[in-house]
Amino acid sequence: MKNIKLLIPRTDKLYVNWALTNQCNYSCRYCHEDLNSGNIKEPNEGKVLYFLEKLIVISKKKNKILYVEFGGGEVSLYRSFHSVIKTIHQNNGLVTIVSNGSKRISWWEENTKYLSGVSLSYHIEDIKSESHFIEVSKVLEASRTRASA
Ligand code: SF4
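Here's what I pulled together on the structure shown here. Small disclaimer: the values here were computed from a predicted structure and weren't measured.

Digging into the site of the ligand
Thinking step 1. Near the ligand there are 13 residues, and of these C24, Y26, C28, C31 and N36 occur at the shortest range.
Thinking step 2. For the shell around the ligand, the per-class residue count stands at 5 nonpolar, 7 polar and 1 charged.

Right under this line is the structure:
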């Protein structure tokens with residue numbers, strides 16, 4: 001037991017990986033239903049913001065940057081997502097998301113300023129519009145958001 005050591009990560013960030021919803025507007029056959037069935041009740045905005053506030057306080061106390069990676073499901077479907085990512089951004093935190101890119105172009109134009117990274121996932125069987133996916137990529141490319149697909 002004497003050889004067990006505590007590993008303290010040397011990072012200036014407090015990383016949080018948050019699966020906020022298991023709702024999705026696609027139903028890719030290779031996706032597990034736990035990720036897209038919507039059978040888990042989403043937390044309401046108040047609860048999410050309350051928890052975020054706690055994370056913000058802890059990160060500030062520890063002198064770290066809050067870095068939240070949101071996934072799902074399709075996290076952009078979460079009704080209050082705009083205020084969630086805006087809150088993190090306003091508190092100097094970083095937000096990255098994994099998304100199928102299906103939200104309307106105006107949604108991306110409105111929200112990319114709060115995102116520091118987007119992993120766009122392309123689903124060949126379920127994608128509604130390839131041209132829309134390309135348009136979303138262009139919006140991200142034109143912004144300062146780091147995108148990967
Ligand atoms: S888009 Fe992603 S979360 Fe949605 S069904 Fe496909 S693999 Fe699952």
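What to know about the packing of helix α2 (residues 45-61) against helix α3 (residues 81-90)
Thinking step 1. As a packed pair, α2 and α3 sit with axes 10 Å apart at the nearest point and diverge in direction by 15 degrees. It follows from the interaxial angle that α2 and α3 lie roughly parallel. Crossing of α2 against α3: the hand is right-handed. Two secondary-structure elements touch here, α2 through E45, V48, L49 and L52 and α3 through S83, V84, T87 and I88.
Thinking step 2. Tallied by class, the residues present in the contact of α2 with α3 amount to 5 nonpolar, 2 polar and 1 charged.

Considerations on the environment of S121
Thinking step 1. You can see S121 is positioned in the loop between β4 (117-120) and α5 (130-142).
Thinking step 2. Between the C-alpha atoms of S121 and N100, which are 21 residues apart in sequence, the distance is 4.8 Å.
Thinking step 3. Apart from the residues within four sequence positions on either side, S121 is in contact with V98 and N100.

Thoughts on unusual backbone geometry
Thinking step 1. Residue G73 follows G72 across a cis peptide bond; omega there is 10 degrees.
Thinking step 2. With respect to the helices and strands, G73 occurs in the loop between β2 (65-71) and α3.
Thinking step 3. If you check the backbone angles, N63 has positive phi at about 60 degrees while not being a glycine.
Thinking step 4. On the secondary structure map, N63 appears in the loop between α2 and β2.
Thinking step 5. One non-glycine residue, N92, adopts positive backbone phi at about 65 degrees.

A word on the pairing of β2
Thinking step 1. Sheet topology note: the strand β1 (residues 13-19)/β2 ladder contains 7 bridges and is parallel. Looking at the pairing, V16 lines up with V68 of β2.
Thinking step 2. Judged from the 4 bridges that link them, β2 and strand β3 (residues 94-99) form a sheet pairing that is parallel. Across the sheet, V68 pairs through a bridge with V95, a residue of β3.
Thinking step 3. Handedness of the β2-α3-β3 crossover: right-handed.

Some details on the nonpolar core
Thinking step 1. Core analysis: the biggest nonpolar cluster contains 20 residues, and I85, I88 and V95 have the highest contact counts within it.
Thinking step 2. Every residue in contact with I88, bar those within four places of it in the chain, is listed here: L52, L66, V68, G93 and V95.

A word on α2
Thinking step 1. The terminal C-alpha atoms of α2 lie 24 Å apart, and with 17 residues this matches the ideal 24 Å at 1.5 Å per residue to within 8%.
Thinking step 2. Phi turns positive one or two residues past the end of α2, at N63, with a value near 60 degrees.

What counts and how
- Residues numbered from 1 in each chain as written.
- Predicted model: local features only at pLDDT ≥ 70, side-chain atom pairs only at ≥ 80, totals over all residues.
- Near = placed C-beta within 6 Å.
- Nonpolar A, V, L, I, M, F, W, Y, C, P; charged D, E, K, R; others polar.
- Axes fitted to C-alpha atoms, helices over the stretch in contact; angles between N-to-C directions.
- Helix = DSSP H or I, 4+ residues; strand = E, 2+ residues; numbered from the N terminus.
- Parallel < 35°, antiparallel > 145°, perpendicular 65-115°, else oblique.
- Left-handed = near helix turned anticlockwise from the far one by under 90°.
- Contact = placed C-beta atoms within 7 Å.
- Pairing = 2+ DSSP bridges.
- Right-handed = clockwise from strand over helix to strand, strands pointing away.
- Core = buried A, V, L, I, M, F, W, Y, C linked by C-beta atoms within 7 Å.
- Buried ≥ 20, exposed ≤ 12 C-beta atoms within 10 Å, placed from the backbone.
- Expected span 1.5 Å × (residues − 1).

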